[in-house]
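These are the residues of each chain, in order.
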Amino acid sequence: MSRNQRLGESCYNDLEKINAELFTLTYGALVAQLVRDMEDVDKVNAKLDEMGHNIGLRLIDELLAKSGIARCGSFRETADVVSKVGFKMFLNTVPNVDNWNERGTECTLVFDDNPLEDFVALPSSCAGLKYSNVLCGVLRGALESVHLAVACEIVSDALKGDPKTEIRMSLKHVIEDEAGEDYRED
Amino acid sequence: MSAVARAAEGGSARMSGAGAPGRLGGAKTVAVAFVDGVNAPLFLKRFDDEAEKDSLDLLLVIHSALDAIDELRTNRRRGSRKSYLGLLNLVDGYAVFGHASNSLVKTMVVLDAEACGYAVPDDAVMEAYLSSLYNAYVDTVSNPFLELGSALQLGNEGDEKGAAMNEESPEGVLIGPPGRKTARHPELLQGFEELVESLVHDVQTAPSNTA
């Protein structure tokens, strides 16, 4: 077992747990309510991404605190930590990281098992709904806090008949450590 | 994988784990029915050859079984809290077995008792059978997009059943709240129907547990 895998398992074992069905039903109720309230599937997708972003900004500190993970040397290492430590700790599922591009800046997370989507079947009126879009937001928010600007997109969705849910993660650029506008001297 | 596909493959963690119930000893499943807490019909499917025929005879048998359920639940001893209720009714050559959850969602299976010489399968087999049907219901209803309170089945088998399922019946054959909503997303329910069919099929064809 690799070091990150061991770390992920030990963190998962030490954390408090909640019932998986409660979590799945809660998320399901949330998405269903958003669909009813907003009626426009694209708006729901954007909202889920925004919510995920807010979660990610906070979740990263939780990850860093509980796992004690050190700096990652490359985006490959980052992806490895995200899947084996992050997803393991919070969702008890380890997506495979695969389909790397040449420069090592883009990869796909392939989920064998996605607890958010248990027992869900999409009605035809929600054909464009990205049900797990909150995960894309979480990834974006969490990595932004560690100065990596990534774009995440669901490229394959088990709820729409694809075999597995897959998220494509691409590193856009490293965020420079910039002081805010107020502190600029010119 | 959708929940329905997974459950059909026996992969859902909530399916009864005792293994496929043995054959029903020659008895055939005539129908499966689900009725909700206010005794409004949720789902009814005939499995015998007379699927084209009017289902009113079955509705009568099932309706009388509902009374048996109410009686059993009020009269049962403090200790026994089982959801499985056993044989509810034996009339017209039909044997009705029932399962009622604490939320009063009733699952009933009608067997053709006459054809098998009234040798109905024993409780262990029926309990596993009804549990697997109830679990299929729970899995389907766990879908956040499915509106609860609407029928789990469209009245697609002819107008009479449609009328009976979806409106207040004038003769009171079915008691239900007036203006019962039809399901908004029919495609979500197709999976449920297929799941029930596959469960019934498995029970009829699985090898018997007794060697």
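- Within an unreviewed UniProt entry, the label attached to chain B reads Trafficking protein particle complex subunit 2-like protein, and the organism entered is Hondaea fermentalgiana.

- In the annotation of an unreviewed UniProt entry, chain A is listed under the name Trafficking protein particle complex subunit and assigned to Hondaea fermentalgiana.
- Quoted verbatim from the Function (unreviewed entry) field of UniProt, the annotation for chain A is "May play a role in vesicular transport from endoplasmic reticulum to Golgi."

Digging into the sheet that holds strand β4 (residues 94-100) of chain B
Residues and elements named next belong to chain B.
Moving on, step 1. With respect to topology, 5 strands assemble into an open sheet ordered β2-β1-β5-β4-β3, the strand pairing being antiparallel. If you trace the sheet from one side to the other, it starts and ends with β2 (41-46) and β3 (84-91), each paired once. This sheet shows a mean twist of 20° between the axes of neighbouring strands, independent of strand direction.
Moving on, step 2. Where strand β1 (residues 28-35) meets strand β5 (residues 106-112), 7 bridges bridge the pair, whose relative direction is antiparallel. Residue pairing in the sheet places Phe34 in a bridge with Thr107 of β5.
Moving on, step 3. Across the sheet, helix α2 (residues 56-75) touches β1, β2, β3, β4 and β5, and the angle it forms with β3 is around 135°.

Description of the sheet that holds strand β1 (residues 96-98) of chain A
Sheet strands pair via backbone hydrogen bonds, and the direction of the pair is either parallel or antiparallel.
Residue and element names in this part refer to chain A.
Moving on, step 1. Sheet architecture is open: 4 strands sit in the order β1-β2-β4-β3, paired in antiparallel fashion. Strand pairing shows two members of the sheet lacking a second neighbour, β1 and β3 (148-156), which therefore form its edges. Ignoring which end each strand starts from, the neighbouring axes of this sheet average 25° apart.
Moving on, step 2. In the sheet, strand β2 (residues 106-111) pairs with strand β4 (residues 165-174) via 6 bridges, with the strands oriented antiparallel. When the sheet's bridge partners are listed, Cys107 is paired in β4 with Met169.
Moving on, step 3. The sheet strands contacting helix α4 (residues 75-91) are β1, β2, β3 and β4, and the helix crosses β2 at an angle near 15°.
Moving on, step 4. Where helix α5 (residues 133-145) meets the sheet, it contacts β2, β3 and β4, and its direction lies at approximately 165° from that of β3.

Description of the pattern of salt bridges
Residue and element names in this part refer to chain A.
Moving on, step 1. Inspection of the entire model under this criterion finds 10 salt bridges over all chains.
Moving on, step 2. One salt bridge connects Arg140 with Asp49, and the closest N-O pair in it is separated by 2.7 Å. On the criterion of sequence distance, the pair formed by Arg140 in helix α5 and Asp49 in helix α3 (residues 41-67) is long-range, its members being 91 residues apart.
Moving on, step 3. Taking the relative accessible area as the measure of exposure, Arg140 reaches 26% and is therefore partly exposed.
Moving on, step 4. Here Glu106 and Arg168 are joined by a salt bridge, their closest N and O atoms 3.3 Å apart. Pair noted here: Glu106 is in strand β2 and Arg168 is in strand β4, with a separation of 62 residues, a long-range link.
Moving on, step 5. What makes Arg168 buried here is its relative accessible area of 19%.

Conventions we followed
Residues numbered from 1 in each chain as written. Chains lettered and ligands numbered in written order. Predicted model: local features only at pLDDT ≥ 70, side-chain atom pairs only at ≥ 80, totals over all residues. Heavy atoms only, no water. UniProt positions renumbered as here; feature names shortened; annotations may be inferred. Pairing = 2+ DSSP bridges. Helix = DSSP H or I, 4+ residues; strand = E, 2+ residues; numbered from the N terminus. Axes fitted to C-alpha atoms, helices over the stretch in contact; angles between N-to-C directions. Contact = heavy atoms within 4.5 Å. Salt bridge = Lys/Arg side-chain N within 4 Å of Asp/Glu carboxyl O. Buried < 20%, exposed > 50% of the residue type's maximum accessible area, 1.4 Å probe, protein only.

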